[in-house]
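Listed below, chain by chain, are the residues.
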Amino acid sequence: MLSRLATYTLLGIEALPVDVEVDISPGALPKTILVGLAEAAVKESTHRIERALVNSGYGRPIDRIVINLSPADLPKDAASLDLPIALGLLISDEQIDVAEQFVNSVFVGELALDGSLRPVKGVLSIALAARAAGRTHIVVPAANAAEAAVVEGIDVIAVEMLAEAVGFLTGNLALEPAEFSWEGARVDYGQYDIDYVDVKGQESAKRAVTVAAAGCHHILMIGSPGTGKTLLSQRLCTILPELQPEESLETTRIYSAVARLEPGQPLMLRRPFRSPHHTISEAGLVGGGSIPKPGEISLAHHGVLFLDELPEFARRTLEVLRQPLEDQLVTISRAMGSVTFPANLMLVAAMNPCPCGFRSDPRRQCNCTPMQIERYLSRISGPLLDRIDIHIEVPPVPFRDLSDQVAGTSSGEMRQQVVAARDRQLTRFCHDVTSVNGKMQPREIRKHCKLTSSAEQLLRAAMQDMGLSARAHDKILRISRTIADLEDMETIEEHHLSEAINFRTLDRNFWQQ
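Residues numbered from 1 in each chain as written. Predicted model: local features only at pLDDT ≥ 70, side-chain atom pairs only at ≥ 80, totals over all residues. Heavy atoms only, no water.

S.K.: Please set out the overall build of the chain residue by residue, giving values where relevant.
M.R.: Across its full length, the chain carries 23 helices and 18 strands. Expressed along its principal axes, the backbone C-alpha trace of the chain runs to roughly 90 × 50 × 45 Å. In the chain, which comprises 513 residues, the share counted as buried stands at 52%. Working note: accessible area of the chain is about 22700 Å², and carbon and sulfur atoms make up 49% of it. One finds the centroid of the 51 positive side-chain charges in the chain at a distance of 7 Å from the centroid of its 65 negative side-chain charges. (Helix = DSSP H or I, 4+ residues; strand = E, 2+ residues; numbered from the N terminus. Buried < 20%, exposed > 50% of the residue type's maximum accessible area, 1.4 Å probe, protein only. Areas by Shrake-Rupley, 256 points an atom, 1.4 Å probe, with all protein chains shown as cover. Lys, Arg positive; Asp, Glu negative; His and termini not counted. Charge placed at Lys NZ, Arg CZ, Asp CG, Glu CD.)

Okay, structure coming up:
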């Protein structure tokens with residue numbers, strides 16, 4: 001007898017439909033044949049499934065079994081096919097009958113030997129694809145139910161054992177669809193336990209971070225060890241606006257595809273903060289593998305990618321950032337095809353001013369030679385440096401600031417400014433693809449960055465005196481636009497432009513450009 005059930009497999013972060021066809025026919029010897037470009041994890045599943053069936057009280061088919069995973073040219077590398085294959089075996093062996101109302105259902109899950117279902121990767125993408133295909137129900141492991149229930153318009157059925165899935169499929173067991181509450185999830189998973197009030201001193205650095213967050217500008221912090229660069233970076237997510245539902249779904253799809261969600265967590269409701277070690281490979285940073293998987297820059301989608309000790313990263317590894325920072329996408333090509341991952345992020349980088357770390361530190365003497373300093377700084381290419389909008393120096397914190405009992409600026413205060421500025425940008429770009437100042441294209445810069453006459457004279461003088469490139473010119477205007485938004489001003493004035501120029505001069509002091 002032939003049976004056919006619907007499921008999905010992941011390619012990158014996209015869920016692609018798969019038909020599981022099972023045919024059982026009389027044969028001289030029992031034999032199981034699995035076809036359809038199955039990878040090792042799927043080929044091994046036949047042994048798991050046989051024992052799960054027996055240990056759940058069902059008979060093991062003893063005839064010739066052919067399992068076809070269609071389409072045949074699509075690689076299948078997921079244990080999530082266990083459940084539909086097991087149900088297909090039971091149907092084809094005429095041990096169960098399918099209730100008509102559940103013919104249009106999708107089944108996903110990995111089986112243990114005792115018949116229990118284990119969580120699988122990519123359930124959110126699968127639920128979204130199933131809804132788009134018009135499916136009515138999706139049966140998933142109970143551990144994945146909260147994640148799948150986020151998708152409206154499809155009933156999510158949570159099962160813990162194979163017997164429960166059989167009961168649902170036959171109509172003998174009534175199971176209520178899983179439910180999801182945005183408000184409850186935000187309370188449980190949307191709160192931060194760190195705050196900028198913990199950072200003593202560094203009010204000028206906090207100002208630069210506020211400007212960067214308000215306009216989604218990339219930022220580079222240069223300073224001696226222990227000045228607070230890492231503390232400032234780790235708390236940047238706390239002042240960014242809340243993830244909108246669409247942004248949360250996009251980010252969650254990435255984390256779900258690589259099994260990075262915490263147990264029971266339905267969604268990413270905090271902005272991701274990724275801080276890879278400087279020994280990371282190119283594939284680890286941008287993604288890769290024979291079957292492409294997202295890298296750190298995609299895991300930082302709608303969040304922050306923090307590169308500490310920037311010059312310690314391999315230069316070739318850093319260079320692969322250049323295209324994703326411009327396009328906000330990463331495309332990985334393989335013989336089987338190409339996969340595109342999103343990479344809309346804020347880059348935050350930190351570094352010491354020299355190998356020993358104490359150049360320009362008034363309290364410590366730098367012992368580095370000019371040649372050592374030049375070699376150290378040359379590890380960062382000019383094109384990459386030019387893509388970072390804001391460059392600031394983070395000086396040592398004096399003792400009086402560390403011992404001061406007066407609280408500094410908190411994340412709540414900074415966030416109010418950032419959210420207000422972002423709201424103005426959303427209104428400004430309501431008819432454009434761009435949504436933040438840091439992503440403005442040249443046409444949008446000409447349209448939205450109107451200067452007063454004195455500001456225009458200042459910009460002309462800065463271009464001539466500093467020898468700024470056209471890209472630096474545009475970045476100064478983008479930063480000026482953000483500073484004006486923080487002050488709720490439509491026109492960019494001289495003091496806005498002056499502050500923006502200061503954010504672009506530090507690299508010239510260090511790199512002598």
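S.K.: Any chance you could break down the environment of Gly153 for me, citing the residues and the numbers?
M.R.: Mapping Gly153 onto the fold places it in the loop between helix 5 (145-148) and strand 9 (155-159). With 291 residues separating them in the primary sequence, Gly153 and Glu444 have C-alpha atoms 38 Å apart.

S.K.: Mind laying out the side chain of Thr252, listing which residues take part and the relevant values?
M.R.: With respect to the element layout, Thr252 can be found in helix 10 (residues 245-257). Residue classification places Thr252 among the buried positions, given a relative accessible area of 0%. Within the structure, Thr252 has its side chain in polar contact with the backbone nitrogen of Met268 (distance 2.8 Å). For Thr252, the contacting residues outside a window of four places in its chain are Leu124, Leu261, Pro266, Leu267 and Met268. (Polar contact = N/O pair within 3.5 Å; in protein donor to acceptor, adjacent residues only side chain to side chain. Contact = heavy atoms within 4.5 Å.)

S.K.: Could you give an account of the packing of aromatic side chains, naming the residues involved and the relevant values?
M.R.: Here the structure, examined in full by the defined rule, presents 3 aromatic pairs. Judged by centre distance (4.1 Å) and plane angle (35°), the rings of Phe102 and Phe168 are tilted. Of this pair, Phe102 sits in the loop between helix 3 (82-92) and strand 5 (105-107) while Phe168 sits in helix 6 (residues 162-170), placing them 66 residues apart in sequence. Each member of the pair, Phe102 as well as Phe168, carries the same accessibility label: buried. Over the ring of Phe358 we find Arg364, and its NZ or CZ is 4.1 Å from the ring centre. (Phe/Tyr/Trp six-rings, centres within 6.5 Å; stacked < 30°, edge-to-face > 60°. Lys NZ or Arg CZ within 6 Å of the ring centre and 35° of its normal.)

S.K.: Go over the pattern of salt bridges, please, and point to the residues and values.
M.R.: Here the structure, examined in full by the defined rule, presents 21 salt bridges. For Glu21, the salt bridge goes to Arg4, with nearest N and O atoms at 3.0 Å. With Glu21 in strand 2 (residues 14-25) and Arg4 in strand 1 (residues 2-11), the pair connects residues that are 17 residues apart, well separated along the chain. Judged by its relative accessible area of 19%, Glu21 falls in the buried class. One salt bridge in this structure joins Glu50 and Arg60, with 3.5 Å as the shortest N-O distance. (Salt bridge = Lys/Arg side-chain N within 4 Å of Asp/Glu carboxyl O.)

S.K.: Before we move on, could you go through unusual backbone geometry and cite the residues and values that matter?
M.R.: Most of the time, phi is negative for any residue but glycine, and the peptide bond is trans. The omega torsion of the bond from Ser70 to Pro71 falls at 5°, within 30 degrees of zero and hence cis. Relative to the elements of secondary structure, Pro71 occurs in the loop between strand 4 (64-70) and helix 3. For Leu37, which is not glycine, the phi dihedral falls at a positive 60°. You can see Leu37 is positioned in the loop between strand 3 (31-35) and helix 1 (40-43). Its identity is not glycine, yet Asp488 carries a phi of approximately 55°, on the positive side. Take Asp488: it is sitting in the loop between helix 21 (470-486) and helix 22 (494-502). A relative accessible area of 53% places Asp488 in the exposed class.

S.K.: Let's hear about the environment of Lys229: which residues, and what values?
M.R.: By secondary structure assignment, the location of Lys229 is in helix 9 (residues 229-234). Counting along the chain gives 117 residues from Lys229 to Ala112, while the straight-line C-alpha distance between them is 47 Å. Every residue in contact with Lys229, bar those within four places of it in the chain, is listed here: Met221, Ile222, Gly223, Ser224, Ala350, Met351, Asn352 and Val394. For Lys229, the side chain forms a polar contact with the main-chain oxygen of Ser224, separated by 3.0 Å.

S.K.: Tell me what's going on with the sheet that holds strand 11 (residues 273-274), and back it up with residues and numbers.
M.R.: As summarised here, the arrangement of the 5 strands in space is 11-14-17-10-18, forming an open sheet in which the pairing is parallel. Either end of the sheet is taken by a strand with one partner, and the two such strands are strand 11 and strand 18 (390-393). Summarising the sheet, strand 10 (residues 219-222) and strand 17 (residues 346-351) pair through 4 bridges and their orientation is parallel. For Ile222, the partnering residue across the bridge sits in strand 17 and is Met351. The sheet contacts of helix 8 (residues 203-215) involve strand 10, strand 17 and strand 18, and relative to strand 18 the element is tilted by about 165°. (Pairing = 2+ DSSP bridges. Axes fitted to C-alpha atoms, helices over the stretch in contact; angles between N-to-C directions.)

S.K.: Would you mind going over the packing of helix 8 against helix 21 in detail, with residue names and values included?
M.R.: Remark: helix 8 packs on helix 21, axes separated minimally by 9 Å, with the N-to-C direction vectors making an angle of 100°. As summarised for this structure, helix 8 and helix 21 are arranged roughly perpendicular, according to the angle between their axes. Residue-level inspection shows Arg207, Thr210, Val211, Ala214 and Gly215 of helix 8 in contact with helix 21, the latter providing Ile479, Thr482, Ile483 and Leu486. Partitioning the contact of helix 8 with helix 21 into residue classes produces 5 nonpolar, 3 polar and 1 charged. (Parallel < 35°, antiparallel > 145°, perpendicular 65-115°, else oblique. Nonpolar A, V, L, I, M, F, W, Y, C, P; charged D, E, K, R; others polar.)

S.K.: Run through the confidence of the model for the chain, naming residues and quoting values.
M.R.: Of the residues in the chain, 98% reach a pLDDT of 70 or more, and the chain-wide mean stands at 92. Taken element by element, the chain is modelled with least confidence in helix 23 (residues 506-511), mean pLDDT 58, and with most confidence in strand 14 (residues 304-307), mean pLDDT 98. (pLDDT = per-residue confidence, 0-100.)

S.K.: Which residues make up the nonpolar core, and what values do they have?
M.R.: If you look at the biggest cluster of nonpolar residues, it comprises 50 residues, and the most contacted ones within it are Tyr196, Ile219, Leu236, Ile390, Ile392 and Phe503. Those residues in contact with Ile219 that sit more than four places away from it in its chain are Ala208, Val209, Ala212, Leu347, Val348, Ala349, Ile388, Ile390 and Ile392. (Core = buried A, V, L, I, M, F, W, Y, C linked by side-chain atoms within 4.5 Å.)

S.K.: Residue-level account of helix 6, with values.
M.R.: Counted residue by residue, helix 6 has 7 buried out of 9 residues, so it is predominantly covered. Leu162, Ala165, Val166, Gly167, Phe168, Leu169 and Thr170 are the residues of helix 6 that are buried. The positive-phi residue at the C-terminal boundary of helix 6 is Gly171, with phi of around 85°.

S.K.: Talk me through the packing of helix 18 (residues 411-428) against helix 21; I want residue IDs and the actual numbers.
M.R.: At a minimum axis distance of 8 Å, the contact between helix 18 and helix 21 shows a crossing angle of 115°. The pairing of helix 18 with helix 21 is recorded here as roughly perpendicular in orientation. Every pair of crossing elements has a handedness; the one defined by helix 18 and helix 21 is right-handed. Between helix 18, through Gln417, Val418, Ala421, Arg424, Gln425 and Arg428, and helix 21, the contact on the second element is made entirely by Arg481, Asp485 and Leu486. (Left-handed = near helix turned anticlockwise from the far one by under 90°.)

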